[in-house]
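As a plain string of letters, each chain reads:
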Amino acid sequence: MADDENTQRDELDAALTARLRAVRPSLRVPEAAADEPTDDELLRYVDGSMDEREREALETRLADHPNAAARVAIVAEALAEGGWGPLPKADPVGRRAVNLASRFVFRLSDGVLSFLRGTDLPRGLEPAMAVRSSAPAQPQSFFEFVSQYPFESGQVDARLALEPVAQAAVDVQLEVTQAGAPLEGVRVKLLRDGRPVDSAPTEKGRCTFSALPAARYELEIRKGGTEVGRMVLDIRGDGIA
Amino acid sequence: MALRNAYDALSDDELIAAVLEREPAAWPTFFAKYERLVISCIRKVMRRYGAAFNEEDIEDLVSATALNIVKDDYKKLRAFDATRGYKLSSWIGLIATNTAHDALRRRAPTEVWAAAALDDTAPVPLASDTQLASEALEAEDEARELRAAIAQLSPADRLFMDYYYVQELEPEVIARLMSISVNTVYSRKNKIREKLRIIVAKQQDGRTRKGDAPRA
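Residues numbered from 1 in each chain as written. Chains lettered and ligands numbered in written order. Predicted model: local features only at pLDDT ≥ 70, side-chain atom pairs only at ≥ 80, totals over all residues.

Some remarks on the domain arrangement of chain A
Each domain of chain A was delimited in the assignment, giving domain 1 (34-83) and domain 2 (94-128 + 138-236). Taking the mean C-alpha position of each, domain 1 of chain A and domain 2 of chain A sit 43 Å from one another. (Domains from an automatic or database assignment.)

Right, here's the structure in full:
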C-alpha cells in the first residue's frame, strides 16, 4: 500500500518535472538585467556565508532572475558532485584519442607566449614541478613538447617547439624521429581552423612554419600517405576569448 | 597532467601567490586542480540551454575559461579575495559558468536552439504532423494554467520549484543553498505541490463556472 503511494508520488513528480521543464519561459540565454544579483552575491549565497535576512532577500530576487538562479544551481551542483581535479590523460590509440591526447593551448600577448593548458607539460616545466622556484621567473619564450605515436615501423617521436617572433606571431618547428634518427619521407600538413594552409616535407626530420598568427592549428604528420600523428595547437591572442 | 609536484602541498592562497609571482609550474598546477570542475559547469550550461555541443566545443570553452582568468595580467585572479565569504572553487565554477553563458549568447540562434541537446531528460516535443490539433490546444492550455499557478506562489516557493523540478538539483544541494534540512526539502516540495494543485483546481473551477453562466 505504502509502495503504491510512493509510486504514485514519484509518477506525479516526474509528470510535474516534465511539464515544468516544458513550460520554462524560454531557452534563450538572457542578457544580464540591470538589477541582476552580482557575482559576489551569488558566490556568498552558494557558499552559505549570508545571514538569514540577506539570504531571504536574495532568494526573492533570484525568483525573478532565472538566469542568476540557473548560474547558482549549476555551480552548486557541480561543487556538490565534487571529485574535480586534472583530467586523466587519454591513451594515444586511434585517431580520435591521438587528437585528444596531443593538444596544447597558449596565449600570445605583446610578444609573450604563455602556456595555458595541455595534455602534456612543456619539457622545461617538468623540473619546476619538483622544485619551487625562489625567484620570480622571466616570461618564458620557448616551449617544447615531445609526443610519441605508435606506427607500423615502430614508435615515432615528434618534438614540437614554439617561439614567439615579433609581437603577434609564433614560429613552430616540428622534428620527427624514430629510434633517435630522423624519420625520412615525412610530410607535415598545417591546418588553420580546419582548413589546410601549408604543407612541407621534413628535411633531416625537421620542418618549420614561420610567423604564424594567433589561431587554432592542427599539425598532421604523414609518412607515405599514412597518418602518423596529429597535434592541436591553439594559440589565443588578446582578441580571441 | 601529473599533479604530484611541489605545488600540491600549497594552500589556495599560496598557489595563487605562486601563480602571480609567475613561478613556472604554478599556473599549470592551479588550472589542472580545477579543470574537471570547469568542465562540469560548462556541460551543465550547455545542457540547460539545449545547445548542441561536442568535445571540441567543451575544450574551447575550458581554454576560454583559462584565458579569462589569466588575461590582463591575471586581473581576475588578482581580484579574488577569500575574505569576501566564498571559496576559490566556487569562484572558478562561476567564471566557467559565465564564460559558457557568454559563448552561447554569441552563437547564432540556430546553433543554440538546435534540438540536438544531449540531455535525455529534456521533454521530447510531439511531432506536429502526428499531433492532433485538439491535443496541441489542450497542452497549450495546460501550460498556460501551470504558468499562472506558479506565478501565484511566493518568490521563495518559485525558486524552490526551479531548483527542484527545473534544475533537478539533489535535495542535499537545495538544503545547503536554502539553509534548510533535507527533510524540509521533501516536506516543502509536498506542500508546494499541494498548493499548486489547489490553485489549478480553483482556476479550473472558475473557468467551468464562467462557461456555465448564461450568455447575455
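Quick look at the interface of chain B and chain A
Opposite the 70 residues of chain B that make contact, chain A presents 65 residues. Broken down by secondary-structure element, the contributors of at least two residues to the side of chain B that touches chain A are α2 (26-48), α3 (55-79), α4 (88-106), α6 (133-151), α7 (155-166) and α8 (171-178) of chain B. The biggest single contributor to the side of chain B that touches chain A is α2 of chain B, with 13 residues. Across the side of chain B that touches chain A, the residue classes tally to 37 nonpolar, 13 polar and 20 charged. (Contact = placed C-beta atoms within 7 Å. Helix = DSSP H or I, 4+ residues; strand = E, 2+ residues; numbered from the N terminus. Nonpolar A, V, L, I, M, F, W, Y, C, P; charged D, E, K, R; others polar.)

Brief notes about the sheet that holds strand β10 (residues 216-223) of chain A
Residue and element names in this part refer to chain A. The mixed open sheet is built from 6 strands, whose spatial order is β2-β1-β11-β10-β7-β8. Every other strand in the sheet has two partners, leaving β2 (112-118) and β8 (195-201) as the edge strands with one partner each. Adjacent strand axes in the sheet meet at a mean angle of 25° when their direction is disregarded. Of the strand pairs in this sheet, β10 and strand β11 (residues 226-236) are connected by 8 bridges, and their pairing is antiparallel. When the bridges of β11 are listed, Glu218 appears paired with Val232. (Pairing = 2+ DSSP bridges. Axes fitted to C-alpha atoms, helices over the stretch in contact; angles between N-to-C directions.)

Digging into the packing of α2 of chain B against α4 of chain B
All names here are of chain B. At their nearest, the axes of α2 and α4 sit 8 Å apart, and the two run at 40° to each other. One finds that α2 runs oblique with respect to α4. Considering the relative orientation of α2 and α4, their crossing is right-handed. The residues of α4 that touch α2, namely those facing Tyr34, Leu37, Val38, Cys41, Ile42, Val45 and Met46, are Ser89, Ile92, Gly93, Ala96, Thr97, Ala100, His101 and Leu104. Looking at the contact of α2 with α4 residue by residue, the classes come out as 11 nonpolar, 4 polar and no charged. (Parallel < 35°, antiparallel > 145°, perpendicular 65-115°, else oblique. Left-handed = near helix turned anticlockwise from the far one by under 90°.)

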